[in-house]
Amino acid sequence: MRKLFLYCVISVSLIAYFSLTLFVLPPNFLEKPKLVPQPTFDVTLEKLKINLGESFEIKVTSNNIGDSADIQIASIQFPNLTEINETVKITEYDFTQSPHYVLVGDPVGSEYTAGQKLVAAKYPSIEAYSRPINTGDQYHIGLQVMPDSVGTFIIHVKSVILPHYTDSAHYPQSGNLDYQGEYVEAYSVEVSNP
Amino acid sequence: MAILEKTISFTRKQHSWLFFVSSILVSFGVLIVTIGGSWDVTNHLLNRPETFFSPPHAILYIGVAITLASTMIKFFSWKNLQDKTKSQHAKQVKLTILGIAILVGAGPFDFFWHYNFGLDGLLSPPHLFLISGMILCSTASMTSIVRYSNKKLISNFYTPFHFLVIVGLLAVLLSTSGLFYSFSLPFSDTEHFEFNPDQIFAVAFTTIAFPFLFSSILYLSSSFVNRKFGIASIVGTLFLIINASTSIAQNSFLIPTTGFYFLGVIPIVIFDVMLSNFSKRKLQYVSGVIPGMCFYFFYFPLITHTYNEVFSHQIVWPSMTALIYFEMLESVFPIIAIPAALAGILGTIFASKSTQKLRLI
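1. Describing the nonpolar core
Residue and element names in this part refer to chain B. Within the largest apolar cluster, 130 residues are counted, with the highest numbers of intra-cluster contacts made by L31, V165, L169, L170, I217 and V235. Here this core takes 13 residues from helix α7 (residues 199-224), the largest share from any one element. When residues no more than four places from it in sequence are discounted, the contact partners of I217 are L169, V172, L173 and V235.

2. Examining the interface of chain A and chain B
Residue-level contacts link 23 residues of chain A with 26 residues of chain B. Within the residue set of the side of chain A that touches chain B, elements represented by two or more residues are α1 (2-24) and α2 (26-30) of chain A. Looking at side-chain class alone, the side of chain A that touches chain B contains 16 nonpolar, five polar and two charged residues.

3. Observations regarding the sheet that holds strand β1 (residues 39-45) of chain A
Residue and element names in this part refer to chain A. Strand order in the open sheet formed by four strands is β1-β3-β10-β5, and the pairing between neighbours is antiparallel. The open sheet terminates on both sides in strands that have one partner only, identified here as β1 and β5 (88-93). On average, adjacent strands in this sheet sit at an angle of 20° to one another, irrespective of strand direction.

4. Examining the packing of α7 of chain B against helix α8 (residues 231-248) of chain B
Residue and element names in this part refer to chain B. Where α7 meets α8, the closest approach of the two axes is 7 Å, and the angle between their N-to-C directions is 145°. For the element pair α7 and α8, the recorded crossing hand is right-handed. Between α7, through I217, L218, S221 and S222, and α8, the contact on the second element is made entirely by I231, A232, V235 and G236. By residue class, the composition of the contact of α7 with α8 is five nonpolar, three polar and no charged.

5. Some points on the domain arrangement of chain B
Residues and elements named next belong to chain B. Per the domain assignment, the segments making up chain B are domain 1 (1-186) and domain 2 (198-361). The C-alpha centroid of domain 2 is placed 23 Å from the C-alpha centroid of domain 1. In this assembly, 30 residues from domain 1 lie in contact with 30 residues from domain 2. Listed by contribution, the elements that provide at least two residues to the side of domain 1 that touches domain 2 are α1 (2-47), α4 (125-148), α5 (150-153) and α6 (160-182).

6. Concerning the domain arrangement of chain A
Here chain A is partitioned into domain 1 (1-32) and domain 2 (39-192). Its C-alpha centre places domain 1 of chain A at a distance of 52 Å from the equivalent point of domain 2 of chain A.

7. With respect to the packing of helix α14 (residues 303-311) of chain B against helix α15 (residues 321-359) of chain B
Residue and element names in this part refer to chain B. Where α14 contacts α15, the axes come no closer than 10 Å and their chain directions differ by 60°. Overall, the two elements α14 and α15 adopt an arrangement that is oblique. The two elements α14 and α15 meet at a crossing, and its hand is left-handed. For the pair α14 and α15, contact is made by T304, Y307, N308 and F311 and by T321, I324, Y325, M328, S331 and V332, respectively. Per-class residue counts for the contact of α14 with α15 are six nonpolar, four polar and no charged.

8. Some words on unusual backbone geometry
In this chain, R131 of chain A is followed by P132 of chain A through a cis amide linkage whose omega measures -10°. Residue placement: P132 of chain A occurs in the loop between β9 (125-130) and β10 (138-145). For the bond running from L162 of chain A to P163 of chain A, omega is 0°, close enough to zero to count as cis. Of note, P163 of chain A is situated in the loop between β11 (151-162) and β12 (170-171). In this model, N85 of chain A sits at a positive phi of 40°, which is unusual for a non-glycine residue. Examined against the element boundaries, N85 of chain A turns out to sit in the loop between β4 (71-77) and β5. Its identity is not glycine, yet R227 of chain B carries a phi of approximately 65°, on the positive side. Summarising the element assignment, R227 of chain B is placed in the loop between α7 and α8. With 18 C-beta atoms counted inside 10 Å, the residue R227 of chain B sits in the partly exposed group.

9. Looking at α1 of chain A
With 23 residues, α1 of chain A ought to run about 33 Å at 1.5 Å a step, and its terminal C-alpha atoms sit 31 Å apart, in line with that. Little of α1 of chain A sits out of view: just one of its 23 residues are buried.

10. Points about the environment of L95 of chain B
Counting through the fold element by element, L95 of chain B comes out in helix α3 (residues 83-117). Considered as a pair, L95 of chain B and T139 of chain B are 44 residues apart in the sequence and their alpha carbons are 8.7 Å apart.

Parameters at a glance
Residues numbered from 1 in each chain as written. Chains lettered and ligands numbered in written order. Predicted model: local features only at pLDDT ≥ 70, side-chain atom pairs only at ≥ 80, totals over all residues. Core = buried A, V, L, I, M, F, W, Y, C linked by C-beta atoms within 7 Å. Buried ≥ 20, exposed ≤ 12 C-beta atoms within 10 Å, placed from the backbone. Helix = DSSP H or I, 4+ residues; strand = E, 2+ residues; numbered from the N terminus. Contact = placed C-beta atoms within 7 Å. Nonpolar A, V, L, I, M, F, W, Y, C, P; charged D, E, K, R; others polar. Pairing = 2+ DSSP bridges. Axes fitted to C-alpha atoms, helices over the stretch in contact; angles between N-to-C directions. Left-handed = near helix turned anticlockwise from the far one by under 90°. Domains from an automatic or database assignment. Parallel < 35°, antiparallel > 145°, perpendicular 65-115°, else oblique. Expected span 1.5 Å × (residues − 1).

Below you can see the structure in the form of structure tokens.
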């Protein structure tokens, strides 16, 4: 009798366990709405016009106003340059990961595919990034730039959050496309002869 | 003369006790190393630490220090044991010394590797050294603990020895799990080396090795204490607690899965009940089906990365791990259930044969 009772308890417990883990609980996790992170940034340009030999500062404040996510990247690109060298120096940085310098020709992700679709970098850039990234998180990067030629010095800024499942996961969401097929905000400084 | 004999006898008793305590501390040290190691894996997945000097590495090397100090005490106390007892533990002491030598050597080797090749993957020569040392130390110490306290373990009543043996069993379970993870998780593709296992091999290995290991350790937990109910349940539950603390709680996206994960206590307790109530050997072996089939749940969330390589092919972001795991469950479980159940049975048979040898009966 005791054995029979034991068999019953074991059977019922196992049925309950496998029912819960295989059929009852998984749909709860699968039906959860996907997270919608939303990056934004503010850019402060110190000067709009400088003489050759002078430098200017650019500050980028990156935010996540949406749900938490894994990685937020703020990318600052320099279409006029072929090398970063001494032209650009980081003066302020509080992202959680070290900055990544992208050199011309480096394979980089494109079209917001997190590296699954690669293209060669056409110009250098600095990628500041944090992981993980929570709602309301704010990080800063400041650069001192000293252009080495006269003309319009252009800077592209964009921010992408990964995983990227919706258009909300990148900023800006319209405007100019860069060589990666991703939207950027363009800023410029006029450099003239002294 | 009588006083001198009494002194020697007392000293030997002390040494004997010291030998037992140091064996437990060796296992405890390895347990700390495995906890640090598991936290380190999660830390790499979440934060990509950029330096060797991270909190999980600190925990890990504190564990190594405890293991080293305990091994030294173990060796000196062993030298002063009575000849008969000394010979019973000789092989374990030698294996522990070999293990700690490898474990200590793995530290500078790991630093050298980081310095020269940057961040290493999960499977790398220094990590393999580290894990091998852990397995040697933990297995040898578990055997010492069981042999030392064997008479008390098989008694009809619970004694503190019953609970101390848990440390030894957990250290073996976690360090061997670490080795199995190294040969199955796709975390070893680095800038300089590509040590990732073949995807099909990784899935097949995971499906056989983890259920085999889990059911054999739970079976040993029960058989060491003469099939008294409780110890196997505690060992299994502590495994779940440690895994949840190092792999689930660290990742805020996985915290909602905690309740689901701890349902794993149910099959562990059922397995323990079956072992303590079924006197027929064959029935005991067949009960290995239960921990075998449930390993996919016990080894959540890291196991997701292994099966994803074959069944899902997505990027397993920390925020997406639970979703991918549950998406795969429907297709993976029917495929792995039978081989995992068989591996569970094999684990119990293996553990049953090993019990006698480990106890030295």
